[in-house]
Amino acid sequence: MENKEILWDLSAIYADEESWEKDFASLESLAEKFYEFRGKLSTSAETLKGAIEASDAFDRLAEKVYCFAHLRSDENTSIGKNRSRVDRVSAKLSSLGALEAWFAPEIMAIPEERMQELLNDPVLAFYRRSLLELLRDKPHTLSEAEEKLIGTLGDVLGTSDELFSTLNDTDLEFGKVKNEKGEMIPLSHGSWHRFMENPDRKVRKNAFLKLYKQYDQHRNTFAAALDGTTKRHVTMAKIRHYNSALEASLSSDNVPVAIYDNLIASVRKNLPALFEYFDLRAEFLNLKNQDMYD
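Here is what the cut-offs are and how they apply
Residues numbered from 1 in each chain as written. Predicted model: local features only at pLDDT ≥ 70, side-chain atom pairs only at ≥ 80, totals over all residues. Heavy atoms only, no water. Helix = DSSP H or I, 4+ residues; strand = E, 2+ residues; numbered from the N terminus. Rg over C-alpha atoms; globule rule 2.2 N^0.38 Å. Buried < 20%, exposed > 50% of the residue type's maximum accessible area, 1.4 Å probe, protein only. Contact = heavy atoms within 4.5 Å. Areas by Shrake-Rupley, 256 points an atom, 1.4 Å probe, with all protein chains shown as cover. Expected span 1.5 Å × (residues − 1). Arc of directions from axis to C-beta. Polar contact = N/O pair within 3.5 Å; in protein donor to acceptor, adjacent residues only side chain to side chain. 1 Å grid on protein atoms, 1.4 Å probe; cavity = no way out; pocket = protein on both sides within 12 Å on 5 of 7 lines; lining within 4 Å. Points joined across faces, edges and corners; volume = space filled by probe spheres on them. Nonpolar A, V, L, I, M, F, W, Y, C, P; charged D, E, K, R; others polar. Axes fitted to C-alpha atoms, helices over the stretch in contact; angles between N-to-C directions. Parallel < 35°, antiparallel > 145°, perpendicular 65-115°, else oblique. Left-handed = near helix turned anticlockwise from the far one by under 90°. Salt bridge = Lys/Arg side-chain N within 4 Å of Asp/Glu carboxyl O.

S.K.: Mind showing me how you'd approach the overall build of the protein here?
M.R.: Secondary structure assignment for the protein yields 15 helices and 2 strands. The C-alpha radius of gyration computed for the protein amounts to 25 Å, which surpasses the reference 19 Å derived for 294 residues by more than 25%, pointing to a less compact arrangement than a globule. By its C-alpha atoms, the protein is 75 × 55 × 35 Å across when sized along the principal axes. Of all 294 residues assigned to the protein, the portion counted as buried reaches 31%. Pairs at least 24 apart in sequence give 68% of the contacts found in the protein among residues at least 6 apart. Summed over all atoms, the accessible surface of the protein reaches about 18900 Å², with 54% contributed by carbon and sulfur.

Structural data, given as structure tokens:
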């Protein structure tokens, strides 16, 4: 029996599952409406604006449908019906990706002079920055056929993420930990921080060791999931002509790799100050050796 008092109220998104099903069924028609603009983007600023608005309408509904499904599943990841709803949305969005794959390549194909005219048109003032951000990815945008192919693989490429999520959120059982009052309290991702903030070092230590024992026992599966995700990032970076997976990851935020490297170097350079702080804490807490749970 679910305790409704501790569940988030999803009625603000959908009052019932029937309403969700109705919107889910309309996703395809919205994607097709957007697809009707294919081959027409350079016709006029009004046409390009209409295409962007059609894309936004699809994306907003897709996010709403997916968000509800995911949150409902997160309430209890062991309920197959809710997990199935997430899988349905993921598969649908992946299949509809083919109807959106044409947009970026067609934008990139617009001659620079014509593109500048469109960007300077007041009709597109609201979308100017978004279009400039899109054009910044021109060197990494593939042909329509290639983008369509990648779009259809979205669900497959996320398999390692789903593996990690299922194992981490559903299959791991952490048991219970005795708190400072001698009460046995369930250990979970939700209660973890409360245990780590407990003033009793023994409680913190027991919770820490109990939780990470589970991760240690499943380390090979977690490693396999990480390996799959890493290979995906590396492969997609190569496909999109990035110099590295790191460069690809930073691209969406328009952060140069040099800034990332400088940040890491600065942190490492100033680690001695952090270590001095740890030594001071150990002295103040009268600890010979500090651990992660301290």
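Read on, since the account is not over.
S.K.: Explanation requested: helix H11 (residues 201-217) in the structure shown.
M.R.: Owing to its 3.6 residues per turn, the α-helix aligns residues three or four sequence positions apart on the same side. Spanning 17 residues, H11 covers 24 Å between terminal C-alpha atoms, matching the ideal 24 Å at 1.5 Å per step. Within H11, burial applies to Val203, Arg204, Ala207, Phe208, Leu211, Gln214 and Tyr215. For H11, the angular spread of buried residues about the axis comes to 130°, placing them on one side. Within H11, the exposed residues directed more than 90 degrees away from the buried face are Lys202 and Lys213.

S.K.: Looking at this structure, how should I read the side chain of Ser191?
M.R.: Relative to the helices and strands, Ser191 is located in the loop between strand E2 (184-186) and helix H10 (192-196). Here Pro186 takes part through its backbone oxygen, which lies 3.0 Å from a polar atom of the side chain of Ser191.

S.K.: Would you take a moment to explain the layout of surface pockets for this structure?
M.R.: The rolling of a water-molecule-sized probe over the atoms marks out the regions of remaining empty space. Reported here for the largest pocket is a volume of approximately 1100 Å³. Lining of the largest pocket is provided by 34 residues; of these, Ala104, Leu134, Asp137, Glu147 and Arg240 occupy positions nearest its centre. Among the elements that take part in the lining of the largest pocket, helix H6 (residues 128-136) stands out by supplying 5 residues, more than any other. Of the residues assigned to the lining of the largest pocket, the class counts are 15 nonpolar, 10 polar and 9 charged. In this model, the second largest pocket occupies a volume close to 580 Å³. In this structure, the second largest pocket is lined by 17 residues; those nearest its centre are Thr77, Asp169, Thr170, Ser188 and His189.

S.K.: Looking at this model, I keep getting lost on the packing of helix H5 (residues 112-120) against H6. Mind explaining?
M.R.: Geometrically, a packed helix pair is captured by the angle between its two axes and the distance between the axes. Direction vectors running N to C along H5 and H6 enclose 155°, while the axes themselves pass 10 Å from each other. The orientation of H5 relative to H6 falls into the category roughly antiparallel. The chirality of how H5 crosses H6 is left-handed. When H5 is examined against H6, the residues Met115, Gln116, Leu119 and Asn120 are found in contact with a partner set consisting of Arg128, Leu131, Leu132 and Leu135. Classifying every residue of the contact of H5 with H6 by side-chain character gives 5 nonpolar, 2 polar and 1 charged.

S.K.: Please explain the pattern of salt bridges as it appears in this structure.
M.R.: Opposite charge on two side chains makes pairing possible when the charged atoms of those side chains draw close. Under the criterion given, the structure shown has 18 salt bridges. Here Glu117 ties to Arg114 by a salt bridge, and the two come within 3.0 Å at their closest N and O atoms. Taken together, the residues span about one helical turn, with Glu117 and Arg114 both in helix H5 at a distance of 3 residues. With relative accessibility at 43%, the residue Glu117 sits in the partly exposed group. The salt bridge partner of Arg201 is Asp294, with a shortest N-O separation of 2.7 Å.

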